[in-house]
Amino acid sequence: MADTPEAGPDWEGVRLHVVSGKGGTGKTTVAAALAIALAAEGRRTLLIEVEGRQGIAELFGIAALPYEERKVASVSPAQLGLEGAGTGEVFALAIDPEQALLEYLEMFYKLGRAGKALRKLGAIDFATTIAPGLRDVLLTGKACEAARRKGPGGRAYDAVVMDAPPTGRITRFLNVNTEVAGLARFGPIHNQAQAVMRVIRSPETAVHLVTLLEEMPVQETVDGVGELREAGLPVGGVVVNMVRPPVLDEAAVRAVDGDHREEVARALVDAGLGGRSRSATGVRAHVEPLLDPLLDQAREHAERVLLERGQRADLEQLELPSYELPLLGGGVDLGGLYRLAAELKRQGAA
Amino acid sequence: MSAQAKGRAKAGATGPDRTGTDRTGTAEKSPAGLADPSLDVDALLDDPDTRIIVCCGSGGVGKTTTAAALGVRAAERGRRVVVLTIDPARRLAQSMGLSELDNTPRPVKGVAGDNGGELFAMMLDMKRTFDEIVLAHSDPERARTILENPFYQSLSAGFAGTQEYMAMEKLGQLRARDEWDLIVVDTPPSRSALDFLDAPNRLGSFLDGRFIRVLTAPAKVGGRGAMKFLGVGMGLVTGVLTKVLGAHVLTDVQTFVAALDSMFGGFRERADRTYKLLQAPGTAFLVVAAPERDALREAAYFVDRLAADRMPLAGLVLNRVHTTGAPQLTAERALAGAETLEENGAEQDPDGADGSPGSSGSTGAPSASAAEAVAAGLLRLHAERMQVMARERSTRDRFVSVYPDVPITEVAALPGDVHDLDGLREIGTRLGRTPA
């Protein structure tokens, strides 16, 4: 759970972190923060984007990423509020399915001129269009390849984090290798699909879901976990994003909701909000128009706190490790990203 | 609403032209500093010439809810409406009293229709819609060949553009039936913002592509011509494909393509027709967003894209905007007040037992210090609200300064989710609230 800073990281041994979530929950942000957190202690991580949105470039404030692994950040322990030395590195890659297919064909078949011809004919476009599974197998295949790639002295990357399609599509996206295997019942594509599937189903992979403490995202998370489990895909943790701290608890709201307007009004006067009037009635009149709006806001707040409690309970039933990230006012900039990364690290997600 | 709304109303009233092309009124600015035209949703819904409303926007901004709320409001204002949703949350379907939404429009009960209004709702079933097209455009035997082909099955269920294409196809069908005088369409949460605009063309050009002609080459002269043009032997290409895919795959693809080829003209024609339908004057696009940086960036992209495709944009629906009934109390003064109270509390109660503003502690009538703690909490809450509002406003204003001519309507945030028709009605009311 959220507060076990002492325990070791929850995903020791996981090489491929797939981050999904309902649209609008901030999955790109969480994926990036996780890639940073995993890069602590001098590690190297790769952050992969598959939907052609250039969300990573946007987040890191850099120019659009080409189809090439580029370093986007370095991570010192101090940046994550940790001690020690060793600067980690985060690389990023925006996968383009067409490029990936060409690369794949080149790697395995040395196509040369025929490859060029295929491209000119629109065959590549055709292939990735007619068989969406093929498109997805290329995307996941590339991620798996990066996760298993050998580098000098071990693996090229200690961890690969994929900013994956949203929850509604994730099972299909990851399971699509099975689908391709169905389309291509034997042959090299079939073998490739099988190999990718083995990595995805292995304990080296974890699918994390990002949610907000709101009804629809939570419902989608619960459904998504069910689908993933049914498909035999490894479910990772739940990241509750944009959590707002409760300012007032229910008891406090109930206390003001009754006939305690007068006490609260007096307190507001004590707070110096009574205006310049010297008479008690003048002061009271100045505070009066504030009372209802403030109490309304408190009621709304209490309603939200209550709803959030229900959503938390629903998430707890999933019995998955969960992490909570605070809402950063004004959107997430680079500084915010490191803050979220430190939070994930502290909570044991990395 | 609030002083905020009044400020906007004033700003909206400065320009006689609702589209905001008249910029002479800018001297009389809204408190936020930017005048902007406001979007009159009710006028849009009431206009009998409005036949299609397309809601687009990035995921998670309340697009589907907005579409449903527009449907309810339009029906209750006397229109005969059908709402086409793509992938509604279960609760939203339930909120319209529909335990299941399928590919057929179902009447929504409980929508007051004393003025002749009616509401229907349906959910897109892309596979079934695709199957229906196949069945409608080919003889039974050919249809069977297509429906059984593994590539068709994969394409109809999962092609990234299939959902978008089928949404547009369904829209065309609904429009052609002419049973409703208003169709409200929700759009799929596409990976890139306006895939649904591209999808008809993409499928068309895909089926029109040279490669298809190559694949069907034995039967067609054009295929060989393309080969010759590239200076590559047919054998080389098919050889590579067989090597990569395996021979059976190529056969499956060829069968599928040959079968589709017969429906080809139909597809293209329909795609073109739907595209034109979207450009027609009876269509209105609403871009839905929340007052957050990312959502508004996506919204900006939508606005540009719609303009590039000459699609009629009616305006921007800004969902989940926070408001307050006490705008006169600034965040700074509220915080200062909260601190004063907390300091008082700490003096009276040196143990700090009641130091936290959140806990009132006592169960009965709050003591003076408990009331102070609560009041401090109220003030902190208010300060937070004012800060959120300031951020939302500046995000919105950045959008407005780039797109001064895009009419906007703001929908005040609800504390919870929508569960029923009343919730949708409430959103509708907020949508339709015209600056008086």
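In this numbering scheme, every chain counts its residues from 1 along its sequence in written order. Here every chain gets a letter starting at A, and every ligand a number starting at 1, in the order they are written. With the structure being a predicted model, the display of local features is reserved for residues of pLDDT at least 70 and the display and counting of side-chain atom pairs for 80 or more, all residues being used for whole-chain, interface and lining totals. Working from all heavy atoms in the structure, the side-chain values ignore hydrogens and water.

Asks: Quick question: what am I supposed to make of the overall build of chain B here?
Replies: Secondary structure assignment for chain B yields 18 helices and eight strands. Burial analysis of chain B (436 residues in total) assigns 54% to the buried set. Note on areas: Shrake-Rupley, 1.4 Å probe, and residue coverage restricted to the protein chains presented here. In the form shown here, chain B has an accessible surface area of approximately 17,700 Å², with 52% of it arising from carbon and sulfur atoms. Where helices and strands are cited, they refer to DSSP runs of H or I of at least four residues and of E of at least two residues respectively, numbered from the N terminus. Buried means the residue's accessible area, taken with a 1.4 Å probe over protein chains only, is under 20% of the maximum for its type, while exposed means over 50%, and partly exposed covers the values in between.

Asks: Mind showing me how you'd approach the overall build of chain A here?
Replies: Each helix and strand counted, chain A has 13 helices and 10 strands in total. By the burial criterion, 56% of the 350 residues in chain A qualify as buried. By definition in these notes, contact holds between two residues if any of their heavy atoms fall within 4.5 Å. When contacts within chain A are restricted to residue pairs at least 6 apart in sequence, long-range pairs at least 24 apart make up 72% of them. As presented, chain A carries roughly 14,600 Å² of accessible surface, and 51% of it is formed by carbon and sulfur atoms.

Asks: So what exactly am I meant to see when it comes to the pattern of salt bridges here?
Replies: Two side chains with opposite charge may pair up if their charged atoms get near one another. Definition used for salt bridges: Asp or Glu carboxyl oxygen within 4 Å of a side-chain nitrogen of Lys or Arg. Applying the stated criterion to the full structure yields 44 salt bridges over all chains. Lys27(A) serves as the salt-bridge partner of Asp163(A), at 3.2 Å between the closest nitrogen and oxygen. On the criterion of sequence distance, the pair formed by Asp163(A) in strand β7 (residues 159-163) and Lys27(A) in helix α1 (residues 27-38) is long-range, its members being 136 residues apart. Grouping residues by exposure puts Asp163(A) and Lys27(A) together as buried. When the shortest N-O distance is used, the salt bridge between Arg297(B) and Glu58(A) registers 3.1 Å. Of the two residues, Arg297(B) is situated in helix α15 (residues 293-308) and Glu58(A) in helix α2 (residues 55-60); the pairing between them involves two chains.

Asks: Would you mind showing me how to read the packing of aromatic side chains here?
Replies: Ring pairs (aromatic) are described by centroid distance and by the angle formed between their planes. Residues and elements named next belong to chain B. Stacked, edge-to-face and tilted labels apply to pairs of Phe, Tyr and Trp rings (six-membered ring for Trp) whose centres lie within 6.5 Å, assigned for plane angles under 30 degrees, over 60, and everything in between, in that order. Across all of its chains, the model carries four aromatic pairs over all chains by this definition. With centroids separated by 5.7 Å and ring planes inclined at 75°, the aromatic side chains of Phe120 and Trp180 adopt a geometry described as edge-to-face. Of this pair, Phe120 sits in strand β4 (residues 118-123) while Trp180 sits in the loop between α8 (162-177) and β5 (182-186), placing them 60 residues apart in sequence. As far as the burial class goes, Phe120 and Trp180 line up, both buried.

Asks: Explanation requested: the nonpolar core in the structure shown.
Replies: In a soluble, globular protein the nonpolar side chains are often hidden away together inside. We call a set of buried residues a nonpolar core when its members are Ala, Val, Leu, Ile, Met, Phe, Trp, Tyr or Cys and they connect through side-chain atoms within 4.5 Å of each other. Counting residues in hydrophobic clusters, the biggest one holds 90 residues, and the most contacted among them are Leu70(B), Leu316(B), Phe399(B) and Leu424(B). When neighbours within four sequence positions are excluded, Leu70(B) is seen to be in contact with Val41(B), Leu45(B), Ile53(B), Cys55(B), Val184(B), Leu286(B) and Leu431(B). Among the nonpolar cores identified, the runner-up in size contains 49 residues, and Val50(A), Ala146(A), Ala193(A) and Val207(A) belong to it.

Asks: What is the right way to read the pairing of strand β9 (residues 235-243) of chain A from this model?
Replies: Look at any regular strand and the pattern is simple: side chains alternate between the two faces of the sheet. All names here are of chain A. Burial within β9 is extensive, with eight of its nine residues counted as buried. Two strands qualify as a pair provided DSSP detects at least 2 bridges between them. Of the pairings in the sheet, the one linking strand β8 (residues 205-211) to β9 comprises four bridges and is parallel in character. From the neighbouring strand, Thr211 faces β9, where its bridge partner is Val240. Chirality of the crossover, the property in question, places the unit of β8, helix α9 (residues 215-230) and β9 among those that are right-handed. When β9 meets strand β10 (residues 322-326), the two strands line up parallel, connected through four bridges. Across the sheet, Val238 pairs through a bridge with Ser322, a residue of β10. Think of it like this: strands point away, you trace from the first strand over the helix to the second, and a clockwise trace means the crossover is right-handed.

Asks: Before we go on, may I ask you to explain unusual backbone geometry in this structure?
Replies: Most peptide bonds adopt trans geometry, and most residues besides glycine take a negative phi value. The phi torsion at Glu319(A) lies on the positive side, around 55°, for a residue other than glycine. Along the chain, Glu319(A) turns up in the loop between α12 (280-316) and β10. Glu319(A) gets classed as exposed once you look at its relative accessible area, which sits at 71%. Its identity is not glycine, yet Asp178(B) carries a phi of approximately 55°, on the positive side.

Asks: What is the right way to look at the state of the cysteines in this model?
Replies: A disulfide bridge is the covalent bond that connects two cysteines by way of their sulfur atoms. Residue and element names in this part refer to chain B. Cysteine sulfur pairs qualify as disulfides if the two atoms are within 2.5 Å. Under the definition given, this model contains zero disulfides over all chains. For the unlinked cysteine Cys56, the closest cysteine sulfur is that of Cys55, found at 7.7 Å. The exposure class assigned to Cys56 is buried, which follows from its relative accessible area of 0%.

Asks: What should I look at first to understand the sheet that holds strand β3 (residues 70-75) of chain A in this one?
Replies: Through backbone hydrogen bonds, the strands of a sheet pair up, either in parallel or in antiparallel fashion. Residue and element names in this part refer to chain A. Reading across from one edge, β3-β4-β2-β7-β1-β8-β9-β10 is the order of the eight strands in this open sheet, with mixed pairing throughout. Where the open sheet ends on each side, the last strands, each with one partner, are β3 and β10. Averaged over neighbouring strand pairs, the angle between their axes works out to 25° when direction is ignored. Both strand β1 (residues 16-21) and β8 contribute to a ladder of six bridges, which runs parallel. Note on geometry: axes are C-alpha line fits, over the in-contact stretch for helices, and angles between N-to-C directions span 0 to 180 degrees.

Asks: Hey, could you run me through the confidence of the model for chain A in this one?
Replies: Atom-level detail of predicted coordinates should not be read off regions where pLDDT is low. The pLDDT value expresses, per residue, how confident the predictor is, ranging between 0 and 100. On average, residues of chain A carry a pLDDT of 86, and 83% of them reach 70 or more. The low-confidence segment residues 1-6 of chain A (pLDDT under 50) makes eight contacts with residues lying over four places distant or belonging to another chain.

Asks: What exactly am I supposed to notice about the confidence of the model for chain B here?
Replies: Confidence in the prediction of chain B, expressed as mean pLDDT, is 77, and 69% of residues score 70 or more. Note that residues 1-33 of chain B has pLDDT below 50 and, in this model, 44 contacts with residues that lie over four places away or in other chains.

Asks: Mind showing me how you'd approach the packing of helix α5 (residues 126-137) of chain B against α8(B) here?
Replies: Describing two packed helices takes the angle between their axes plus the distance from one axis to the other. Residues and elements named next belong to chain B. For the pair α5 and α8, the least separation of the axes is 9 Å and the interaxial angle reads 65°. Crossing of α5 over α8 shows left-handed handedness. Judged by residue contacts, Met126, Thr129, Phe130, Glu132 and Ile133 of α5 engage Thr162, Gln163, Tyr165, Met166, Glu169, Lys170 and Gln173 from α8. The handedness criterion is simple: a crossing whose near helix is rotated anticlockwise from the far helix by less than a right angle is left-handed, and one whose near helix is rotated clockwise is right-handed.

Asks: I'm lost on the environment of Thr274(B) in this one. Help?
Replies: Residue and element names in this part refer to chain B. Topologically, Thr274 is positioned in helix α14 (residues 264-279). Its relative accessible area of 7% is what places Thr274 among the buried residues. Sequence separation of Thr274 and Lys170 is 104 residues, and the distance between their C-alpha atoms is 9.5 Å.

Asks: So what exactly am I meant to see when it comes to helix α11 (residues 261-273) of chain A here?
Replies: Given 3.6 residues to a turn, an α-helix orients residues that are three or four positions apart in the same direction. Residue and element names in this part refer to chain A. Given the number of residues in a helix, its expected span is that number minus one, multiplied by 1.5 Å. Between its terminal C-alpha atoms α11 stretches only 15 Å, short of the 18 Å expected from 13 residues at 1.5 Å a residue. Three or more residues of α11 are buried, namely Glu263, Val264, Ala265, Ala267, Leu268, Ala271 and Leu273. Immediately beyond the C-terminal end of α11, within one or two residues, lies Gly275, with a positive phi of roughly 80°.

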